[in-house]
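# Structural features, examined
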Amino acid sequence: MVDPARLESTLVRLVQTPTGVPAGQTEIAPGDPAIAAAVTDVIGPLVEELRPERIDLDADSNLVARFGPNPDAGALLLVYVVSQHANQMAEPHAGRIVGGARYGLAGRCVLGQGATQNKGAMAAVLEALRDVADLRAGVTLAVNTEGRSSHGGSKALLDGLGAEGAWGLVATGTDLQVSVGNRGRVDVRIEVLGASAHSSQPWLGANPIPIAAEAVRRLDALGLPQPHPDLGAASITPYQLRCDPVAPHTIPQRVQVVVDRRLLPGEDPEVAVAAIRAVLPPVRGFEVRVESGPLMWPALVDPTHLAVQALVGGVRAAGRDGGTCYSPNAFDAGYPCRVGIPTVMFGPGRRRFGGEGLLADEVVAVDDCVVAAEAIRTAILAWDGHADV
């Protein structure tokens, strides 16, 4: 059975381990020393305590642990090391126990960066795997060190280390709802190259800022596919603007705009990028480049899938309001779905994506982690009884 005290101790240990994207950066490169140390010193030993039949590790510290006689026929549980938000927390790694009332939560809570996004869910998965002996099939646990908002880590785990499963679960905060689908995403980098000059004499250079501004304006003219009945509409959103060099009274030589293009099932990301390229005509005296960046595929799973219903039932068995949902944000479920593993997102924690909620405190209720662990265990066992092995 799930041990709440043990789960809380694991969660505090995870939160106290620094794995956040450093201030001023938008990503962490594969093999980053801090992330590798988190796996070697903290997460790896926690996995070893579970006594898997086999553990594999790659050069970037992605880890796969296999349990049971035929883990490929069971659940694939994906947990994530890197924490991307709560970047303005005063004490991101204190791992303090706090009362939940001020956060709209009940009971004991753990405060710290990643508590909501990935570490509460990771603690729940690790606890769920402590009590799944005598499986007919098995379970695969995949520890993902991805830090670039792409499927790079999942490709390393599934294609490189051979992680497999009959169904998958991406462990992340969903407020105990089972996310059965989300739009995909491709980043599109628009780069405008001009010529620097002193701002008192702009005619001596070629200012790329107005050209970049016109490029953003032209995005409004792009046609988009019809909205999906469950996932909603595709979208185009500029979200980063960078000038280089940044110097006193200096017109930059280069401006880069990064655009978030949300994708619906069936859309070709290269076609989406080409459409953006097509609405940006060449401008005399400037070079305009359009390139695709990190990609995440859409995900869509049948809500009647046995594992989905088992997760929902496990939450309801704890007296909670379990159900399914469609996530507005893209995460990693799209890649396993694309290679044939129906994969949902599930975990404790209320994600906040607007305003200060994205930057400020992350906190997760221990009781919610317990419910998540019980529901994950229920789904593992329900599928194991059904699996054709």
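Look up a bit, the structure's there.
Right, let's walk through the structure included here. Computed from a predicted structure; not experimentally measured.

## Quick notes on the nonpolar core
Of all hydrophobic cores here, the largest spans 84 residues; its most connected members are Leu77, Leu129, Leu141, Leu311 and Phe346. If you tally residues by element for this core, the top one is helix α9 (residues 366-386), at eleven residues. Apart from residues lying up to four places away in sequence, leucine 141 is in contact with Val47, Leu63, Val64, Ala65, Phe67, Leu77, Val79, Val125, Leu126 and Leu129.

## Thoughts on the packing of aromatic side chains
The final tally for this structure, using the stated rule, is one aromatic pair. Measuring from centroid to centroid gives 4.8 Å for tyrosine 80 and phenylalanine 331, while their planes differ by 45 degrees, and the two rings are tilted. Taken as a pair, tyrosine 80 in strand β3 (residues 75-80) and phenylalanine 331 in the loop between β16 (324-327) and α8 (334-338) lie far apart in primary sequence, 251 residues in all. For tyrosine 80, a relative accessible area of 3% corresponds to the buried category.

## Here's the deal with the pattern of salt bridges
By the definition in use, this model includes 18 salt bridges. Residues arginine 6 and glutamate 127 are paired through a salt bridge, measuring 2.6 Å at the closest nitrogen-oxygen approach. On the criterion of sequence distance, the pair formed by arginine 6 in helix α1 (residues 4-15) and glutamate 127 in helix α3 (residues 115-128) is long-range, its members being 121 residues apart. Taking relative accessible area as the criterion, arginine 6 reaches 30% and is therefore assigned partly exposed. Here glutamate 91 makes a salt bridge to arginine 96, at a shortest N to O gap of 3.6 Å. Taking relative accessible area as the criterion, arginine 96 reaches 40% and is therefore assigned partly exposed. Salt bridges sharing partners connect three or more residues here, namely Arg6, Glu49, Glu127 and Arg130.

Reading guide: rules and limits
Residues numbered from 1 in each chain as written. Predicted model: local features only at pLDDT ≥ 70, side-chain atom pairs only at ≥ 80, totals over all residues. Heavy atoms only, no water. Core = buried A, V, L, I, M, F, W, Y, C linked by side-chain atoms within 4.5 Å. Buried < 20%, exposed > 50% of the residue type's maximum accessible area, 1.4 Å probe, protein only. Helix = DSSP H or I, 4+ residues; strand = E, 2+ residues; numbered from the N terminus. Contact = heavy atoms within 4.5 Å. Phe/Tyr/Trp six-rings, centres within 6.5 Å; stacked < 30°, edge-to-face > 60°. Salt bridge = Lys/Arg side-chain N within 4 Å of Asp/Glu carboxyl O.

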